[in-house]
Amino acid sequence: MKNQAYRMALLFDFYGDLLTDRQKEFYDLYYNEDLSLAEIAENYGITRQGVRDVIVRAEAYLTEIEDKTGLIRRFHTMQAQLKEVEGCAHRLLELNAARFENDELEALGKQLQGLAETLIQE
């Protein structure tokens, strides 16, 4: 269940602006505010099934967009690769400190490490 909620949150973060205002509202209330279908229906004066239909359509649309673009998949791949670059930069700094003590290698290692850390946080 947590995995599904995480996936839905990622889909919304990446593609939520492509939804209609009503889809965004219901999706946010259901997944982020943890309201039940019945609670949303009561607040908006519609049926529980009506709320469910809006959310299911939004989920299907977001999933379709991800299937076509693959942005989330590529984001995760890039994050893993950036962590690997960060680790390589750290190892470079360790080797330089232990063997070479080269100022240029030190500067390059720190620059790589800083760039990787910045990109990971974005």
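Look above for the structure.
The model shown is predicted, which means the values in this text are computed figures rather than measured ones.

About the thresholds
- Residues numbered from 1 in each chain as written.
- Predicted model: local features only at pLDDT ≥ 70, side-chain atom pairs only at ≥ 80, totals over all residues.
- Heavy atoms only, no water.
- Helix = DSSP H or I, 4+ residues; strand = E, 2+ residues; numbered from the N terminus.
- Polar contact = N/O pair within 3.5 Å; in protein donor to acceptor, adjacent residues only side chain to side chain.
- Contact = heavy atoms within 4.5 Å.
- Salt bridge = Lys/Arg side-chain N within 4 Å of Asp/Glu carboxyl O.
- Buried < 20%, exposed > 50% of the residue type's maximum accessible area, 1.4 Å probe, protein only.

1. Quick word on the environment of Arg74
Here Arg74 is to be found in helix H5 (residues 71-100). Once the C-alpha coordinates of Arg74 and Lys2 are considered, the two residues, 72 residues apart in sequence, prove to be 21 Å apart. Looking at Arg74, its side chain comes within polar contact range of the main-chain oxygen of Thr69, at 2.9 Å.

2. Describing the side chain of Gln113
Position of Gln113 among the secondary structure elements: in helix H6 (residues 103-121). Among all residues touching Gln113, those that are not within four sequence positions of it are Glu86, Ala89, His90 and Leu93.

3. Section: the pattern of salt bridges
Tallied over the entire structure, the rule returns four salt bridges. A salt bridge links Asp21 to Lys24; the shortest N-O distance between them is 3.9 Å. Taken together, the residues Asp21 and Lys24, both in helix H2 (residues 21-32) and three residues apart, mark about one turn of the helix. The exposure class assigned to Asp21 is exposed, which follows from its relative accessible area of 64%. When its relative accessible area of 24% is taken as the criterion, Lys24 is described as partly exposed. Taking the shortest distance from any N to any O, the salt bridge between Lys110 and Glu106 comes out at 3.3 Å. With Lys110 and Glu106 both in helix H6 and four residues apart, the pair spans about one turn of that helix.

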